[in-house]
Amino acid sequence: MVAIGVVGYIETPRGLRALKTVWAEHIGEEAKRRFYKNWSQSKKKAFTKSCTKWADDLGKKEIEKELNQMKKYCTTIRIVVHTQMKILRRRQKKAHIMEVQLNGGSVADKVDFARNHFEKEVPVGAVFAQDEMIDIIGVTKGHGFKGVTSRWHTKKLPRKTHKGLRKVACIGAWHPSRIQFTVPRAGQKGYHHRTEINKKIYRMGAGYAMKDGKLVKNNAATEYDLADKSITPMGGFPHYGEVKQDFILLKGCCIGPKKRVLTLRKSLLTHTKKRALEKINLKFIDTSSKFGHGRFQTPRTRPPSWDPSRRTGRNRKLHSCQKPSLLGNKICFTKRK
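If you're wondering where the values come from, they're calculated on a predicted model, not measured in any experiment.

About the criteria used
- Residues numbered from 1 in each chain as written.
- Predicted model: local features only at pLDDT ≥ 70, side-chain atom pairs only at ≥ 80, totals over all residues.
- Heavy atoms only, no water.
- 1 Å grid on protein atoms, 1.4 Å probe; cavity = no way out; pocket = protein on both sides within 12 Å on 5 of 7 lines; lining within 4 Å.
- Points joined across faces, edges and corners; volume = space filled by probe spheres on them.
- Nonpolar A, V, L, I, M, F, W, Y, C, P; charged D, E, K, R; others polar.
- Patch = residues over 30% accessible without salt bridge, like charges linked within 9 Å, V, L, I, M, F, W, Y side chains within 5 Å.
- Areas by Shrake-Rupley, 256 points an atom, 1.4 Å probe, with all protein chains shown as cover.
- Salt bridge = Lys/Arg side-chain N within 4 Å of Asp/Glu carboxyl O.
- Helix = DSSP H or I, 4+ residues; strand = E, 2+ residues; numbered from the N terminus.
- Pairing = 2+ DSSP bridges.
- Axes fitted to C-alpha atoms, helices over the stretch in contact; angles between N-to-C directions.
- Contact = heavy atoms within 4.5 Å.
- Buried < 20%, exposed > 50% of the residue type's maximum accessible area, 1.4 Å probe, protein only.
- Expected span 1.5 Å × (residues − 1).
- Arc of directions from axis to C-beta.
- Phe/Tyr/Trp six-rings, centres within 6.5 Å; stacked < 30°, edge-to-face > 60°.
- Lys NZ or Arg CZ within 6 Å of the ring centre and 35° of its normal.

Novice: Just give me the short version of the layout of surface pockets, but keep the residues and values in it.
Specialist: Roughly 480 Å³ of internal volume is contained in the second largest pocket. Among the residues making up the lining of the second largest pocket, the classes are represented as six nonpolar, seven polar and five charged.

Shown next as structure tokens:
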């Protein structure tokens, strides 16, 4: 995530109200795309005026004035961050923008922290840590309009039922003459906003990095592994590809399909159970192929005879060695010497 702004909120009888918003001097193109429906045909005028404040002394004084007003009047400080779409091999170029609340310290410390992190990356390791319990917020996988059997898993009626059997037999009494909310009905299944709590972080992995002129990919090996290996399984993750950046290894499953954006949140609970506080030492991470029955962990552990290019070449050689000859109505193959 990259920090591009800070927002200060004051408390009112009707809830929080934004008092001031200060934007950074340089805002990336991927963040500006979020403010346009059609980027290519737009005039790309977003933030052109706010950027000029940083150029002259008068504008800098105005920015300092707004920051001082935040320190004096605001009770809640939130930093505006956006995702980095350019480092992902995806079709989407438009970044996701969100506000992240700053906690801990005084209001002045929060404003100074946000000001010092303008245009800087906030790595995942600066927020979360190993063996921590976190929450995941996202949108589930969509399944469209579904009936009661698929949507609510109601029992199917007997085979000879009139007008269908994937139904609810009785949807309520005559009176009250309304259908209660507890009765299963057909409708939208999936694509719902959900929050899953208590996901334990098993590993905080580092992305690919250059060291001594060599590309280091060893981010999935444990002390029991004999060879270096990366977190990407052989052949890549299905429907995703290769993971080259920093990653988090969680226990359990995640919401939604591949490539859907997720929000990671610090846990709101005070954990006291042994399962939440235990230290995890991974002994093995399976990096075999997820497309089929994976047999090898890394390309180096695969024998040369299993090389796909050699196997196809060997099959072509065998086919080319077979010469057909006609004997009556039958075709027989004689092997060349």
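Now that the structure has been shown, we can carry on.
Novice: So, a nonpolar patch on the surface: which residues are in play, and what are the values?
Specialist: A cluster of nonpolar side chains, namely Met1, Met98 and Val100, defines an oily patch on the protein surface of about 200 Å² accessible area. Residue placement: methionine 1 occurs in the segment before strand 1 (2–12).

Novice: How would you summarise unusual backbone geometry if you had to cite specific residues and measurements?
Specialist: Peptide bonds are trans in most cases, and residues, glycine excluded, mostly fall at negative phi. The step from histidine 175 to proline 176 runs through a cis peptide bond, and the omega angle for that step is 0 degrees. Within the secondary structure, proline 176 is located in the loop between helix 5 (148–152) and strand 7 (187–189). One non-glycine residue, phenylalanine 47, adopts positive backbone phi at about 65 degrees. Mapped onto the secondary structure, phenylalanine 47 falls in the loop between helix 1 (29–32) and helix 2 (48–52). You will see that lysine 163, though not glycine, has its phi angle at about 60 degrees, which is positive.

Novice: Any chance you could break down the sheet that holds strand 3 (residues 76–82) for me, citing the residues and the numbers?
Specialist: Strand order in the open sheet formed by four strands is 2-1-3-4, with antiparallel pairing between adjacent strands. Of all strands in the sheet, those with a lone pairing partner are strand 2 (15–23) and strand 4 (97–101), marking the two edges. Averaged over all pairs of adjacent strands, the angle between their axes in this sheet comes to 30 degrees, without regard to strand direction. Where strand 1 meets strand 2, eight bridges bridge the pair, whose relative direction is antiparallel. Considered in strand 2, the bridge of isoleucine 10 is made with arginine 17. This element, helix 3 (residues 57–73), spans strand 1, strand 2 and strand 3 of the sheet and lies at about 155 degrees to strand 2.

Novice: How would you sum up the side chain of histidine 82? Please name residues and give values.
Specialist: Within the secondary structure layout, histidine 82 lies in strand 3. Classification of histidine 82 as buried rests on a relative accessible area of 3%. Among residues more than four places away in sequence, those in contact with histidine 82 are Met1, Val2, Ile4, Glu30, Ala31, Ala95, His96 and Ile97.

Novice: An account of the environment of isoleucine 255 is requested, with residue identities and associated values reported.
Specialist: Structurally, the position occupied by isoleucine 255 is in the loop between strand 11 (247–250) and strand 12 (263–266). Residues isoleucine 255 and alanine 126 lie 129 residues apart in sequence; the distance between their C-alpha atoms is 24 Å. The residues contacting isoleucine 255, other than those within four sequence positions of it, are Ile136, Ile137, Gly138, Val139, Thr140, Arg194, Glu196 and Leu262.

Novice: How would you explain helix 3 if you had to name every residue and give the values?
Specialist: Taking 1.5 Å of rise per residue, 17 residues should cover 24 Å, and helix 3 covers 24 Å from first to last C-alpha, within 8% of that figure. Among all positions in helix 3, only Gly59, Ile63, Glu66, Leu67 and Met70 are buried. End-on view of helix 3: buried residues confined to an arc of 95 degrees, all on one side of the axis. Seen from the open side of helix 3, the exposed residues pointing more than 90 degrees away from its buried face are Asp57, Leu58, Lys61, Lys65 and Lys72. Looking at the buried positions of helix 3, the neighbouring elements they touch are strand 1, strand 2, strand 3 and helix 4 (107–116).

Novice: Summarise the sheet that holds strand 8 (residues 193–205); cite the residues concerned and give the values.
Specialist: Note: strands within a sheet are paired through backbone hydrogen bonds, in either parallel or antiparallel orientation. Strand order across the open sheet formed by four strands is 11-8-5-12, with antiparallel pairing between neighbours. Both outer strands of the open sheet, strand 11 and strand 12, are each paired with one neighbouring strand and no more. Each neighbouring strand pair of the sheet contributes to a mean axis angle of 50 degrees, computed without reference to strand direction. Summarising the sheet, strand 5 (residues 133–139) and strand 12 pair through four bridges and their orientation is antiparallel. By the bridge assignment for strand 12, isoleucine 137 is matched with threonine 263.

Novice: Describe the packing of aromatic side chains, and please don't skip the residues or the numbers.
Specialist: The description of an aromatic ring pair uses the distance of the two centres, along with the angle that the planes make with each other. Within the structure shown, the criterion is met by four aromatic pairs. Ring plane angle 70 degrees and centroid distance 5.4 Å describe the contact between tyrosine 36 and tryptophan 39, whose orientation is recorded as edge-to-face. As far as the burial class goes, tyrosine 36 and tryptophan 39 line up, both buried. With centroids separated by 6.3 Å and ring planes inclined at 75 degrees, the aromatic side chains of tryptophan 54 and phenylalanine 118 adopt a geometry described as edge-to-face. With tryptophan 54 in the loop between helix 2 and helix 3 and phenylalanine 118 in the loop between helix 4 and strand 5, the pair connects residues that are 64 residues apart, well separated along the chain. Classification of phenylalanine 118 as buried rests on a relative accessible area of 8%. Each member of the aromatic cluster is reached from another via a ring pair, and the members are Trp23, Phe35 and Phe47. Its guanidinium or amino end placed over the ring of tryptophan 39, lysine 44 lies 5.1 Å from that ring's centre, counting from NZ or CZ. Here the guanidinium or amino end of arginine 78 rests over the ring plane of tyrosine 9, the centre of that ring lying 4.8 Å away.

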